[in-house]
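Chain by chain, the residues:
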Amino acid sequence: MPEGHTVHRLARTLEVLFAGRRLAVSSPQGRFAAGAALLDGSVLVRAEAWGKQLFCGFAPVPGDGVQHWLRVHLGLYGAWTFAGEGDDVVHAIGAPRRRIGERDSVPEAPDGAVPAASEAWEPPEPRGAVRVRLLADHAVADLTGPTACEVLTDVEKAAVEGRLGPDPIRPDGGHASLAAARDAFVARVRRSRVTVGQQLMDQAVVAGVGNIYRAEVLFRAGLDPLRPGRDVPAAVLDAIWDDLVDLMRDGAATGRIVTTRPADRGAGHDVPDGGRRRTRQNTDDDAGAVPADEAFYVYHRDGLPCRVCGTPVLLKELAGRNLFWCPACQA
DNA sequence: TCTAAATGCGCAG
DNA sequence: TGCGCCTTTAGAT
């Protein structure tokens, strides 16, 4: 379920928690036992994201170069959960999940007894099918349900990156500059007659865009998803890239995807009585967050009136994924 | 208790 | 184009 913004957030969280620390790496579920054995006891040097790919670099000694990369791709429903000393560490990133620490809080000591002086933080038991557990003295990260989880060399990592298009969240888009990244994106889309809707989901065209950003950015551009790439004016694609940079960086900063402009939210646009909320984000409970029902223009809004013109939003399966769009605004 | 769905992708034909 | 895979959860039975 996560798109690129989630993976960038994860990389940052993993760095903050673990960079420079020697980790116990295990596979409680067992399916990653061999890879975990390779990494166990080494130091996490850094974590980085390119699109939806997450790379954690491990060295045998602090300060040394990276010896192994852990590559993780969350796929449709992979997720990391974190727990540790202090509540600020306890949260989940990826597919929205119950927080790992919630059931494992330390019970109140009876009669106001002072906790034992030697009481150290203890990691909670793994919950569910945990493929990888990264454990330090003060915190733990558990990974469930990834579509990819493997140990790579530098060369293998470079090969993976070589297949990816520019990433709007990376400072330079993964190219010489952000401008060069935009040019690469525009040229790539315009050299094919494959529909823009399909190309936006192609990680070789642009890395990190998923089904939500695809639908929403096309709506905001007023562009028909079924238009062949080569027929889209370069200026429109320039604007789409710039919009992705804004939207996805905001998503990485806040942890949720919000694409509606304030004027298009609220009264008259809400899900009608009986309508169920279909999209959840990890930060739905946060105070001040834009309500989930108001965060999107078209994603999961098929059959509902377009927020801008009132025309019912359409749904069509395209290349195995659900495509949502307004046939009037995106003509 | 069962089933469908989910923000993804690689492979076969 | 369609299928399989990875896992959890909400909603139906």
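Since the model is a prediction, treat every value here as computed from it, not as a measurement. (Residues numbered from 1 in each chain as written. Chains lettered and ligands numbered in written order. Predicted model: local features only at pLDDT ≥ 70, side-chain atom pairs only at ≥ 80, totals over all residues. Heavy atoms only, no water.)

Draft legend 1. Structural view of the overall build of chain A. Each helix and strand counted, chain A has seven helices and eleven strands in total. Relative to its full complement of 331 residues, chain A shows a buried share of 49%. A sequence separation of at least 24 residues applies to 62% of the contacts in chain A between residues at least 6 apart. Split by element, the accessible area of chain A, about 15400 Å² in all, is 49% carbon and sulfur. (Helix = DSSP H or I, 4+ residues; strand = E, 2+ residues; numbered from the N terminus. Buried < 20%, exposed > 50% of the residue type's maximum accessible area, 1.4 Å probe, protein only. Contact = heavy atoms within 4.5 Å. Areas by Shrake-Rupley, 256 points an atom, 1.4 Å probe, with all protein chains shown as cover.)

Draft legend 2. Representation of the packing of helix H4 (residues 178-190) against helix H7 (residues 234-254) within the structure. Contact pair H4 / H7: the axes reach a minimum separation of 9 Å and the direction vectors enclose 125°. Judged by the inter-axis angle, H4 sits oblique to H7. Note on packing geometry: the crossing formed by H4 with H7 is right-handed. Along the contact surface, H4 presents Leu178, Ala181, Arg182, Phe185, Val186, Val189 and Arg190, while H7 presents Ala234, Leu237, Asp238, Ile240, Trp241, Asp242, Val245 and Arg249. (Axes fitted to C-alpha atoms, helices over the stretch in contact; angles between N-to-C directions. Parallel < 35°, antiparallel > 145°, perpendicular 65-115°, else oblique. Left-handed = near helix turned anticlockwise from the far one by under 90°.)

Draft legend 3. Structural view of helix H6 (residues 211-221). Judged by how many residues are buried, H6 sits mostly within the fold: nine of eleven residues are covered. Packed against the buried residues of H6 are helix H1 (4-18), helix H5 (196-200), H7, strand E10 (314-318) and strand E11 (321-325). Phi turns positive, to about 65°, at Gly222, one or two residues after H6.

Draft legend 4. Region of interest: the UniProt feature "domain: FPG-type" (unreviewed entry) in chain A. On the UniProt side, "domain: FPG-type" (unreviewed entry) is annotated at positions that read residues 297-331 here. Strand forms 29% of residues 297-331 and helix 0%; the C-alpha atoms that close the span are 15 Å apart. (UniProt positions renumbered as here; feature names shortened; annotations may be inferred.)

Draft legend 5. Seen up close, the confidence of the model for chain A. Per-residue confidence for chain A averages 87 on the pLDDT scale, and 86% of its residues sit at or above 70. When mean pLDDT is compared element by element in chain A, strand E1 (residues 24-26) scores highest at 97, while strand E6 (residues 91-94) scores lowest at 67. Residue range residues 97-110 is modelled with pLDDT below 50. Its contacts to residues more than four positions away, or to other chains, number 18 contacts. (pLDDT = per-residue confidence, 0-100.)

Draft legend 6. Here's a closer look at the environment of Glu216. With respect to the helices and strands, Glu216 occurs in helix H6. A relative accessible area of 0% means that Glu216 is categorised as buried. On a C-alpha basis, the gap between Glu216 and Phe296 in space is 6.9 Å, while along the polypeptide they are 80 residues apart. Residues in contact with Glu216, not counting those within four places in the same chain, are Thr259, Phe296, Tyr297, Val298 and Tyr299. Reaching out from Glu216, the side chain makes a polar contact with the backbone nitrogen of Tyr297 at a distance of 2.7 Å. (Polar contact = N/O pair within 3.5 Å; in protein donor to acceptor, adjacent residues only side chain to side chain.)

Draft legend 7. Here's a closer look at the pattern of salt bridges. Within this structure, the stated rule accounts for eight salt bridges. Across the pair Lys157 and Glu48 runs a salt bridge, and its minimum N-O distance is 2.9 Å. One end of the pair, Lys157, is in helix H3 (residues 154-162); the other, Glu48, is in strand E2 (residues 43-50), and 109 residues separate them in sequence. Summarising the burial analysis for this pair, Lys157 and Glu48 share the class buried. Ionic pairing is found between Lys157 and Glu161, a salt bridge with its closest N-O pair at 3.1 Å. In this pair, Lys157 and Glu161 both sit in helix H3, four residues apart, roughly one turn of the helix. Three or more residues joined by partner-sharing salt bridges are found here, namely Arg46, Glu48, Lys157 and Glu161. (Salt bridge = Lys/Arg side-chain N within 4 Å of Asp/Glu carboxyl O.)

Draft legend 8. Broad picture of H4. Taking 1.5 Å of rise per residue, 13 residues should cover 18 Å, and H4 covers 19 Å from first to last C-alpha, within 8% of that figure. Taken together, the buried residues of H4 touch H5 and H7. (Expected span 1.5 Å × (residues − 1).)

Draft legend 9. Broad picture of the packing of aromatic side chains. Counted under the stated rule, the structure contains six aromatic pairs. On the basis of an interplanar angle of 15° and a centroid distance of 6.4 Å, the ring pair of Trp80 and Phe82 is categorised as stacked. A relative accessible area of 0% places Trp80 in the buried class. Relative accessible area serves as the criterion here: at 0%, Phe82 is assigned to the buried category. Members of the aromatic cluster, connected to one another through ring pairs, are Phe296, Tyr299 and Phe324. Of note, Lys157 hangs over the ring of Phe55, and the distance from its end group to the ring centre comes to 5.2 Å. For the cation-ring pair, Lys157 lies above Trp69, with the distance from its terminal atom to the ring centre recorded as 4.2 Å. (Phe/Tyr/Trp six-rings, centres within 6.5 Å; stacked < 30°, edge-to-face > 60°. Lys NZ or Arg CZ within 6 Å of the ring centre and 35° of its normal.)

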